[in-house]
Amino acid sequence: MAVPLYLLILLVGVLCGESKFMVYNTSQSIVPGKLNVHLVPHTHDDVGWLKTVDQYYVGSNNSIQNVLDSVVPALLADKNRKFIYVEQAFFQRWWRDQSETVQSTVKQLVSSGQLELINGGMCMHDEAVPHYIDMIDQTTLGHRFIKEEFGITPRIGWQIDPFGHSAVQAYLLGAEVGFDSLFFGRIDYQDRAKRKAEKSLEVVWRGSKSLSSSAQIFAGAFPENYEPPKGFYFEVNDDSPVVQDDRNLFDYNVQDRVNDFVAAALSQANITRTNHIMWTMGTDFKYQYAHTWFRQMDKLIHYVNQDGRINALYSTPSIYTDAKYATNGSWPIKTKDFFPYADRVNAYWTGYFTSRPALKGYVRMMSGYYLAARQLEFFNGRSKSGPNTDSLGDALAIAQHHDAVSGTEKQHVADDYAKRLSIGYKEAEDLVAESLACLASKTGCQNAVTKFQQCPLLNISYCPPSEIDLSSGKKLVVVVYNSLGWTREDVLRIPVIDENVTVWDSSGQEIESQIIPISNGSLGIRNYYSAAYLGKAPSLSPAYWLAFSASVPPLGFSTYTISSAKRTAAASKRQTFYKSRGNKNDIVEVGPGNLKLVYSGNEGELTRYINNKRSVNASVQQSYSFYLAHDGSTDLEPQAAGAYIFRPNGSFSIKSERQQVPLTVYRGPILDEVHQTINSWIYQITRVYKGKEHAEVEFTVGPIPIDDGIGKEIVTRISTNIKSNKTFYTDSSGRDFIERIRDYRADWSLQVNQPVAGNYYPINLGIYMKDTNTELSILVDRSVGGSSIVDGQVELMLHRRLLHDDSRGVAEALNETVCVHDECTGLTIQGKYYLRVDPQGEAAKWRRSFGQQIYSPFLLAFAEQDGDKWESSHVPTFSGVDASYSLPENVAMITLQELQDGKVLLRLAHLYEIEEDQDLSVMASVELKKLFPNKTISKISEMSLSANQERAEMLKKRLVWKVEGSNDVEPTVLRGRPIDPSELVVELAPMEIRTFSIDFNYKSSTSER
């Protein structure tokens, strides 16, 4: 075969060509007067999404091991290269696998600034649905590890992928943890367009009206997303043109690539203030083979700087932030938050506020339990060998990821999160049982033999410890722990098999109790879901709820004893109201105390809310509806509703299918219950307690029918005559309340294309509305989406079941099922919300104090007693604080934890905003000597919120940013004074959270551990 002459000439040229090694100049730093392009190499590694966290870590595809294994040698190859890493859940897994030699090398990379650990939490948490306490806890876990291993404190917030951004993230998880700046990728497409035009993508964000400028942060939204500009992706399988700079080879393109780079940089500069822009060089799970990225960036930096029109450099967000600060410019101000988020027309990411409500409820329940378990671990002394709370803390931290508690992961990944929580709970449950046995024993921990049991499935009426036969003389001991800092009274309900029981309090006095039949629907759910959880159906079914009121001291427990009796506890009187064509004015009044709910006896519908104590007599109606989920089939750009996206296609009321029995009422001395069968898949129990001024609504929704091939989203609506004028208020991550105005955005002129989904907001604590006379408040037991679509009306989305994917990557419909013996049904959700009507201006006390009770319910532990031996060997009550003391009612203890080094972490939070309540929006004081009466504080240091540096040091380093339109002197913000080590009194201003590291000298100990 003849070889063409031109190929022979080319071959000779290659063989005879001079071999040389090209050294690229990557040492360039910032050049004044030029446009500086900060290349920030990064990877975004979801802590679970399409695969579980461990599958992502070890997987052959999208392996985080590969990323970190690949990045380290790439950095060592050139001291000018830089890389940032975020997710500590992955980094710590990798770190544990490394040799001392590799760890030493990585420490040098971190110390030199080549490898920067930013954000620093265990995950990049979501900002809509996690509670602020969970956000703090997961960030603290990561920050403390980084401090202990590397001696550094992360400077930068990097929330690039969460689907909207909360005010709490800006001021608490930004400024108060010591960050100098916060960067993110997702803001509403209309907002982004306006900010580009005004060069206001970068702002000074004041997320808290109470803390104002004292907790502000420099914040930047990326021009498009957290990826490189188009044409500059360099993973192995990416199709962007590489820089081909060998003139001996075809396709030499250096000048073309430089021109592309300069054009993209100038385009971004036109929408950015100052002569500094950031390019995020990476995206999801990139740098599997880091050399492919760094080789191209080396070339780009070298040739772009040779070209001279602009300056390119390896950088990090810290370097970029310092460069911005050095310009001494003033920045637009941003207040409130960045919710809701839409990435295009008809695509509001507001469905995930409710997606996977069972997982959301489980996370919230475990969060409150974790808080209480750490307190008991502190009181008993942290064990070096026994059970501890670490596993639950790790599981909760991972669950805050923006594709975890958000409900936007694949089903098997959601199952993995739940499994981790269950494993963590089991160890914490053992710790709680040991701690309570120790604290309750009169003879000390070493002789404590009581085996306490707990009931994690009490929400479905399943509690084997309480379902025992007491007729033989046994007694059931219930130890009730209160994790709040003030004395608390609440009604307990536990399932029992016999109505002939009586209840005795800690002093041995018989107390009032009430028996309520357990509904057939509740028993059906109990049997089905306990079988799903345990693998077998329970052999025994309780017949009754036993209700009684418990009073428990702060950070302490009280003991109650239940025994068999010849006479029954107060039986609930049953009344059934039938639908008729008779008297239309038939009314049913419910409530044994000040609060009365009035129902139409004929229609079975709530009509009025009356509280004579507060002079409230309000029209209130409650109903259920569903939205049909849009399938997107009629769109030019199809957009279906899915795990992320809420896109309704019509709303339909749900009317009662039980025409003959619209409601059944159980009355008693402690509480009244109203049972309503709305239809075959919605059941509701409304409870009114004698000593409470709110209504508790327990809903059971599911399985949502999909026989018609259409997904549905279930809402409840509470309607009043309040003249709300399009205005309502929702919380930010369970903390500050933010004013919302329907069809309005303060930052831009909103083009309304989704009048329902575009007005939905995340609710973690509650939602309320008001006029000049009245306030309606609703508090929730987990994160949900909600809104006020009609004046005077509030709606909550309780459950979703969808049949289409919304094309945001998860590639799976949100169609949750539960399977028992290979038979699967749609998921049923049981939850609660709480409703109250107050005179205008008087509702904040209930929202804040009862909100804490929802987050931190009583912790119950059960034991059996033979005869009267219990009283002789156990203390009936305990409190960790001085007998004469409790926390102020506007302060909560959100962390009390003994750390591995023996130090104790304490966080105190003021619960009120400025001007929220005339009595409680004031400076509060906490006396630590009375808070810890049996311990002497030898040293106390105030720390940053994430406890990785002293607060004074953090404030010295803080960058103070200028705001457009303000003078150089900002109004003084009220803050608590530094703590005096002799007085040991902590002051807290409204919305202030203060964190302390404490060393104790113990006066006495309950443990030899």
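Because the structure is a prediction, the values reported are computed rather than measured. (Residues numbered from 1 in each chain as written. Predicted model: local features only at pLDDT ≥ 70, side-chain atom pairs only at ≥ 80, totals over all residues. Heavy atoms only, no water.)

Chemist: Provide a residue-level description of the overall build of the protein, including the pertinent values.
Modeler: What the protein contains, in helices and strands, is 19 helices and 49 strands. Against the 2.2 N^0.38 benchmark of 30 Å for 1009 residues, the protein shows a C-alpha radius of gyration of 30 Å, consistent with a compact globule. In terms of overall dimensions, the protein has C-alpha extents of about 110 × 70 × 70 Å along its principal axes. Considering only contacts within the protein whose residues lie at least 6 apart along the sequence, 76% involve residues at least 24 apart. For the protein, the exposed area adds up to about 38500 Å²; of that, 50% sits on carbon and sulfur atoms. Charge separation in the protein, taken as the distance between the mean sites of 103 positive and 119 negative side-chain charges, equals 2 Å. (Helix = DSSP H or I, 4+ residues; strand = E, 2+ residues; numbered from the N terminus. Rg over C-alpha atoms; globule rule 2.2 N^0.38 Å. Contact = heavy atoms within 4.5 Å. Areas by Shrake-Rupley, 256 points an atom, 1.4 Å probe, with all protein chains shown as cover. Lys, Arg positive; Asp, Glu negative; His and termini not counted. Charge placed at Lys NZ, Arg CZ, Asp CG, Glu CD.)

Chemist: Tell me about the packing of aromatic side chains, and please be specific about residues and values.
Modeler: Think of a pair of aromatic rings as described by two things: how far the centres are apart, and how the planes are tilted against each other in angle. Under the criterion given, the structure shown has 53 aromatic pairs. Plain terms: the ring middles of F234 and W293 are 6.0 Å apart, the flat faces sit at 80° to each other, and that makes the pair edge-to-face. Taken together, the positions of F234 in the loop between strand 7 (217-221) and helix 9 (254-269) and W293 in helix 10 (residues 290-307) put the pair 59 residues apart, joining distant regions of the chain. Judged by its relative accessible area of 3%, F234 falls in the buried class. Over the aromatic face of Y132 sits the side chain of R735, whose NZ or CZ is 5.1 Å from the ring centroid. The ring of F737 has R847 sitting right over it, with the charged end atom 5.6 Å from the ring centre. (Phe/Tyr/Trp six-rings, centres within 6.5 Å; stacked < 30°, edge-to-face > 60°. Buried < 20%, exposed > 50% of the residue type's maximum accessible area, 1.4 Å probe, protein only. Lys NZ or Arg CZ within 6 Å of the ring centre and 35° of its normal.)

Chemist: I'd like a rundown of the sheet that holds strand 11 (residues 333-335), residues and numbers included.
Modeler: Spatially, 5 strands are ordered 4-5-7-6-11 in an open sheet, and the strand pairing comes out mixed. For this open sheet the edge positions go to strand 4 (156-159) and strand 11, each flanked by a neighbour on one side alone. Averaged over neighbouring strand pairs, the angle between their axes works out to 30° when direction is ignored. Relative to strand 7, strand 6 (residues 202-206) runs antiparallel, the two sharing 4 bridges. (Pairing = 2+ DSSP bridges. Axes fitted to C-alpha atoms, helices over the stretch in contact; angles between N-to-C directions.)

Chemist: Go over the sheet that holds strand 19 (residues 570-571) with me, naming the residues and quoting the values.
Modeler: Taken in spatial order, the 4 strands of this open sheet run 13-17-16-19, and their pairing is mixed. Two strands lie at the open edges of the sheet, namely strand 13 (488-496) and strand 19, each paired on one side alone.

Chemist: Account for the confidence of the model for the protein, naming residues and giving values.
Modeler: Scored by pLDDT, the protein comes out at a mean of 93, with 96% of its residues at no less than 70. Predicted confidence for residues 1004-1009 stays below pLDDT 50, and this span has 13 contacts to residues more than four positions away or in other chains. (pLDDT = per-residue confidence, 0-100.)

Chemist: I'd like to hear about the state of the cysteines, residue by residue, with values.
Modeler: Per the counting criterion, the structure on display carries 2 disulfides. Here C455 pairs with C463 through a disulfide, and the sulfurs are 2.0 Å apart. In this structure the cystine formed by C455 and C463 twists about its S-S bond by roughly 60°; its chirality is therefore right-handed. For C455, a relative accessible area of 14% translates into the label buried. The exposure class of C463 is buried, given its relative accessible area of 0%. Note that C819 is cross-linked by a disulfide to C824, the S-S spacing being 1.9 Å. Residues C819 and C824 share a disulfide whose torsion about the S-S bond is about 105°; that sign makes it right-handed. For C819, a relative accessible area of 41% corresponds to the partly exposed category. (Disulfide = S-S within 2.5 Å.)

Chemist: Now, about helix 15 (residues 520-534): what can you tell me, with residues and values included?
Modeler: For an α-helix, the turn length of 3.6 residues means that residues three or four places apart are oriented alike. Compared with the 21 Å implied by 1.5 Å per residue over 15 residues, the 21 Å span of helix 15 between its first and last C-alpha is a close match. Buried-residue contacts for helix 15 involve strand 29 (695-701), strand 38 (817-820), strand 39 (823-826) and strand 40 (829-839). Following helix 15 by one or two positions, G535 adopts a phi angle in the positive range, close to 90°. (Expected span 1.5 Å × (residues − 1).)

Chemist: Explain the packing of helix 3 (residues 64-76) against helix 5 (residues 100-112) to me, using residue names and the numbers behind them.
Modeler: It is the contact of helix 3 with helix 5, at a shortest axis distance of 11 Å, that shows an interaxial angle of 60°. When the axes of helix 3 and helix 5 are compared, the pair comes out oblique. Our pair here, helix 3 against helix 5, has a crossing hand that is left-handed. Together, V72, L75 and L76 of helix 3 and T105, V106 and L109 of helix 5 make up the contact between the two elements. The residue inventory of the contact of helix 3 with helix 5, partitioned by class, reads 5 nonpolar, 1 polar and no charged. (Parallel < 35°, antiparallel > 145°, perpendicular 65-115°, else oblique. Left-handed = near helix turned anticlockwise from the far one by under 90°. Nonpolar A, V, L, I, M, F, W, Y, C, P; charged D, E, K, R; others polar.)

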